[in-house]
Amino acid sequence: MLFLTIRKADKAATYVIMETSEYLQKIDDILNETTKFKRITRDPTEDLKKKVNKLIVKNNIASRSIKLEKLSGEFSMGYCYGNVKTHKPGNKLRPIISQIPTPTYNLAKQLCTLLTPYVPSTHNLQASSDFLDILKTSNTRGRVASLDVESLFTNVPVDRTINYIIERPSYEISWKEAPFTCPRGNKYCQIDGVAMGSPLGVLLANFFMGCVEEEVFKKLDKPDIYCRYIDDIFIKTENDDDAERLRLCLQEVSGLKLTIEKSVNNSIPFLDILAEDLQALPSMRRQTGSHQSSMRAHEGRGTSQSASRPEESSSEAPA
């Protein structure tokens, strides 16, 4: 009997039907990375709750301005699932570790509110409309390309990111424990990187990449277009050599692996938009010296949002 799993596509408003065995194997491949995840045999929820409350009490005594809410009630381990990267070769999964039922979730929400004003956001995109606005105001010729930070969430160096954070506001946080169960029912603990599914996941990823970008653009001139949606980067440079130089510098400063996708026929997909660098487009024509150039974009159905709990659990049906 064949079982199927229905999962949401990553960064797209679509769903993917795949064999359950393939889905489980892809989750196993992610969790087998022992530098990021550790198999555990017991549920550490109660111990974690006590530890978090001790940290909250310690903070509330030491800080006059920042008061955190102490934990009460019942909690459980988080749970892991994966969204399918339909825009990547091999349709790999983006692992998401939901922390909603855990003792750390509410504290993460409080910390997220406190830290958000300090996130370097010069190059951040909040939605597809931001990207469209950037394309419409670009009036120079160049080569368009996209960069991808491979497995950003599981590879964010947490200690280094915390050091970045400490340099900005004047308080310290410690946030590395993320126990969860996988679809097979086994227990794990994330020991490095951040959990996409925690309120702090996107914030820490953006904080780290924002600080990396600040360092990079002290060494290199910023290209005509440089913008980022979490781990996907869109650039327009004068030539391919400049794009490669930027990729290598980002890789060196971050310590992470970045891949590049160059434009084909001067067009490239980014998020849910096809960006094209055209010779002439009457509706958006730009004059640049003796020639004309323009940028246009075809917008898709909107940037997808993270699935809520009812959508997070895989749907399995025999076929």
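The structure under discussion appears in the preceding block.
Residues numbered from 1 in each chain as written. Predicted model: local features only at pLDDT ≥ 70, side-chain atom pairs only at ≥ 80, totals over all residues. Heavy atoms only, no water.

Visitor: Can you help me understand the environment of D29 in this one?
Guide: Along the chain, D29 turns up in helix α1 (residues 20-31). Taking the C-alpha atoms as reference points, D29 and L93, separated by 64 residues in sequence, lie 9.8 Å from one another. (Helix = DSSP H or I, 4+ residues; strand = E, 2+ residues; numbered from the N terminus.)

Visitor: Is there a simple way to think about the sheet that holds strand β4 (residues 78-84) in this case?
Guide: Sheet architecture is open: five strands sit in the order β3-β8-β7-β4-β5, paired in mixed fashion. Whereas interior strands pair on both sides, the edge strands pair on one side only; in this sheet they are β3 (37-40) and β5 (93-98). On average, each strand axis in the sheet is tilted by 40 degrees relative to the strand beside it, whichever way the strands run. With four bridges connecting them, strand β7 (residues 178-181) and strand β8 (residues 187-190) associate as antiparallel partners. What sits directly across from P179, in β8, is C189. (Pairing = 2+ DSSP bridges. Axes fitted to C-alpha atoms, helices over the stretch in contact; angles between N-to-C directions.)

Visitor: Would you mind showing me how to read the pairing of β8 here?
Guide: Within a regular strand, side chains alternate between the sheet's two faces. Relative to β8, β3 runs antiparallel, the two sharing four bridges. What sits directly across from K38, in β8, is C189.

Visitor: Please clarify how the packing of helix α3 (residues 105-115) against helix α7 (residues 199-219) should be interpreted in this entry.
Guide: Relative orientation and spacing of two packed helices are given, respectively, by the angle between their axes and the distance between those axes. Closest axis-to-axis distance for the α3/α7 pair is 8 Å, and the angle between their directions is 35 degrees. Regarding α3 and α7, the two cross each other, and that crossing is left-handed. Each of Y105, A108, K109, L111, C112 and L115 in α3 lies in contact with α7, whose residues at this interface are P199, L200, L203 and F207. (Left-handed = near helix turned anticlockwise from the far one by under 90°. Contact = heavy atoms within 4.5 Å.)

Visitor: Looking at this model, I keep getting lost on a nonpolar patch on the surface. Mind explaining?
Guide: On the surface, I6, Y15 and I17 cluster together into a nonpolar patch covering about 310 Å² of accessible area. By secondary structure assignment, the location of Y15 is in strand β2 (residues 15-19). (Patch = residues over 30% accessible without salt bridge, like charges linked within 9 Å, V, L, I, M, F, W, Y side chains within 5 Å. Areas by Shrake-Rupley, 256 points an atom, 1.4 Å probe, with all protein chains shown as cover. Salt bridge = Lys/Arg side-chain N within 4 Å of Asp/Glu carboxyl O.)

Visitor: I would appreciate a short explanation of the pattern of salt bridges in the present structure.
Guide: Inspection of the entire model under this criterion finds 10 salt bridges. One salt bridge in this structure joins D242 and R245, with 2.6 Å as the shortest N-O distance. With D242 and R245 both in helix α8 (residues 240-254), this residue pair falls three residues apart, about one helical turn. We classify R245 as partly exposed; its relative accessible area is 46%. Here the salt bridges share partners, and the residues they tie into one network are D10, R94 and D231. (Buried < 20%, exposed > 50% of the residue type's maximum accessible area, 1.4 Å probe, protein only.)

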